[in-house]
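# Report on the structure
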Amino acid sequence: MSVFSDINRLASYGLKTGLIKADDVIFVKNQLLLNLGLDGFESAEQADELPEVCVDDLEGILKNLLDYAVAHNLTLNDGIAARDLFDTKLMATMVSKPSEVIAEFKARYEKSPEDATNFFYKFSQDTDYIRRYRIKRDMKWQAATEYGDLDITINLSKPEKDPKAIAAARNSTQVTYPQCLLCKENVGYAGRLNHAARENHRIIPLMLAGEQWGFQYSPYVYYNEHCIVFNYAHTPMKISHQTFARLLDFVGQFPHYTLGSNADLPIVGGSILTHDHFQGGAYVFPMARAPIETPISVPGFDDVQAGIIKWPMSVIRVSAKNPDRLIAFADHVLEVWRSYSDEAAFIFAETDGEAHNTLNPIARRKGDLYELDLVLRNNITTKEHPLGVFHPHAELHHIKKENIGLIEVMGLAILPGRLKTEFAELGKAIVSGADIRADETLSKHADWVDEIKAKYPQIDAANVDGILRTETGIVFSKVLEHAGVFKRTAEGKEAFLRFVKSL
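Anyway, here's the lowdown on the structure attached to this text. Remember, predicted model here, so these are calculated numbers, not experimental data. (Residues numbered from 1 in each chain as written. Predicted model: local features only at pLDDT ≥ 70, side-chain atom pairs only at ≥ 80, totals over all residues. Heavy atoms only, no water.)

## Concerning the overall build of the chain
Tallying secondary structure elements over the chain gives 17 helices and 15 strands in all. Taking the principal axes of the C-alpha coordinates as reference, the chain spans close to 80 × 60 × 45 Å. Classification of the 503 residues of the chain by burial places 54% in the buried group. Partitioning the intrachain contacts of the chain with sequence separation of at least 6 by distance along the chain shows that 65% fall at a separation of at least 24. Counting every atom, the chain has about 22200 Å² of accessible surface; 52% of that belongs to carbon and sulfur. (Helix = DSSP H or I, 4+ residues; strand = E, 2+ residues; numbered from the N terminus. Buried < 20%, exposed > 50% of the residue type's maximum accessible area, 1.4 Å probe, protein only. Contact = heavy atoms within 4.5 Å. Areas by Shrake-Rupley, 256 points an atom, 1.4 Å probe, with all protein chains shown as cover.)

As structure tokens, this is what we get:
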């Protein structure tokens with residue numbers, strides 16, 4: 001298949017998805033010719049071709065065009081970062097201007113908020129900003145635990161660090177524009193080897209609690225309609241009165257979405273603490289299904305429903321018809337928690353002048369009620385637990401070592417891509433009776449495997465994969481228990497109630 005055929009196929013894809021109209025076809029084809037260093041088609045008949053394609057053909061079309069570009073030295077190198085920069089440039093020839101996308105979103109919002117987000121989510125996939133074919137690689141399953149079914153994913157869609165891009169970046173001029181990957185200046189930005197291309201990226205402006213914010217989708221969509229809502233100003237994460245007001249304002253405007261915030265301290269915070277942002281989407285997280293285990297009452301808040309939920313982490317849930325009452329409740333909890341210490345529970349508000357207490361707030365609607373989950377966090381470290389006392393401990397690092405951010409707090413595990421291969425090899429080793437401790441890669445799982453073998457008397461090729469998935473879910477529940485500031489023991493529950501009484 002020639003490069004001209006793939007140019008025509010890409011234009012057909014644009015028509016099929018609605019990215020372009022019939023009157024745009026010649027313009028788009030000419031832009032693709034330009035980007036590929038071509039002067040024209042080989043014949044008039046070829047120039048008029050619009051072959052039938054389906055949405056799933058996009059990956060193959062772009063691969064062919066990228067191979068051509070690499071062969072003709074049109075890309076910086078043959079690494080994934082350079083290829084992504086170039087195919088984004090190709091896709092950008094079919095992407096509407098920001099003002100047009102915003103106008104369409106607003107027109108659809110007048111019909112319903114859900115119609116607006118459905119449009120924008122499909123658009124963000126059609127433009128290849130969300131690469132459907134990569135998202136499909138992720139492994140996903142549910143695992144039964146004492147806290148209900150938890151969602152487990154092994155992330156295979158987010159590209160690993162590209163060695164060629166890393167090497168090239170060492171010799172490149174340092175650029176600080178845009179300031180980070182969340183800044184509004186990313187819209188239409190061509191990217192660099194160390195900064196993802198965003199020529200096909202669009203954002204929707206929102207007003208939240210009287211401030212300008214932006215709405216977009218994550219290019220890695222860990223769950224359905226995984227959105228990011230970010231401050232138009234490049235300002236650090238900070239949990240405050242305004243945080244609660246913004247979250248509840250958002251779910252008031254988009255009642256079919258959940259929205260939450262990462263914490264604002266290292267270790268318990270998200271990967272980007274330098275830019276204030278939230279994450280959410282049209283997804284019911286396992287934590288949202290958790291029932292209230294212990295109802296509580298707080299003086300001055302008799303008009304709200306509140307309680308401690310049955311969850312591995314320490315969560316107070318509050319609901320009311322009036323969102324202002326939830327904001328006031330959350331303000332009170334935050335103020336008390338910031339300065340709260342309980343030596344018996346190893347909770348210290350600060351050590352050596354460093355603050356440790358913060359929280360994850362998560363907002364949602366339940367019918368005519370507003371609901372807010374407040375997840376108590378603490379980032380203290382010790383010599384025994386240098387990565388954090390309320391962080392997955394060393395015995396769980398074979399599965400999860402990274403920080404526990406908002407998405408995982410809500411019950412969706414984002415596990416490293418290495419586990420796909422490791423689990424496949426581990427299953428074979430268990431069934432064959434191989435010495436796992438002698439395997440350099442698999443030995444980290446040896447103690448875990450010993451526990452599994454003691455638990456399951458019969459493990460064979462037919463059931464080993466299912467067993468590993470089930471036990472991974474149980475490990476993840478332990479990861480969350482480790483991150484919980486008040487443990488699920490009788491002593492831990494008593495300590496939680498001591499905090500409640502201090503409110």
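## Regarding the pattern of salt bridges
All chains considered together, the criterion is met by 35 salt bridges. One salt bridge in this structure joins Arg-418 and Glu-422, with 3.0 Å as the shortest N-O distance. Placement of both Arg-418 and Glu-422 in helix H14 (residues 418-432) is noted, with a separation of four residues, approximately one turn of the helix. Glu-422 is the partner of Lys-444 in a salt bridge, and the nearest nitrogen-oxygen pair spans 3.2 Å. In this pair, Lys-444 is assigned in the loop between H14 and helix H15 (446-455) and Glu-422 in helix H14, connecting sequence segments 22 residues apart. Overall, the relative accessible area of 38% leaves Lys-444 in the partly exposed class. Via salt bridges that share partners, Asp-84, Asp-87, Asp-128, Arg-131 and Arg-134 belong to a single interconnected network. (Salt bridge = Lys/Arg side-chain N within 4 Å of Asp/Glu carboxyl O.)

## Digging into the environment of Asp-276
Within the element layout of this structure, Asp-276 appears in the loop between strand S6 (258-261) and strand S7 (277-281). Note on Asp-276: relative accessible area 4%, which makes it buried. Residues Asp-276 and Val-229, spaced 47 residues apart in sequence, show a C-alpha to C-alpha distance of 8.8 Å. At 3.2 Å, the side chain of Asp-276 forms a polar contact with the side chain of Arg-246. (Polar contact = N/O pair within 3.5 Å; in protein donor to acceptor, adjacent residues only side chain to side chain.)

## Some points on the sheet that holds strand S5 (residues 227-231)
For sheets, the rule is that strands pair by backbone hydrogen bonds, running either parallel or antiparallel. Strand order in this open sheet of ten strands is S3-S4-S5-S7-S6-S13-S14-S10-S9-S8, and the pairing throughout is antiparallel. Every other strand in the sheet has two partners, leaving strand S3 (204-208) and strand S8 (292-296) as the edge strands with one partner each. Direction aside, neighbouring strands of the sheet carry axes that sit 25° apart on average. Sheet analysis places S6 next to strand S13 (residues 357-366), joined by two bridges and oriented antiparallel. Counted as the bridge partner of Leu-259 is Ala-363 from S13. (Pairing = 2+ DSSP bridges. Axes fitted to C-alpha atoms, helices over the stretch in contact; angles between N-to-C directions.)

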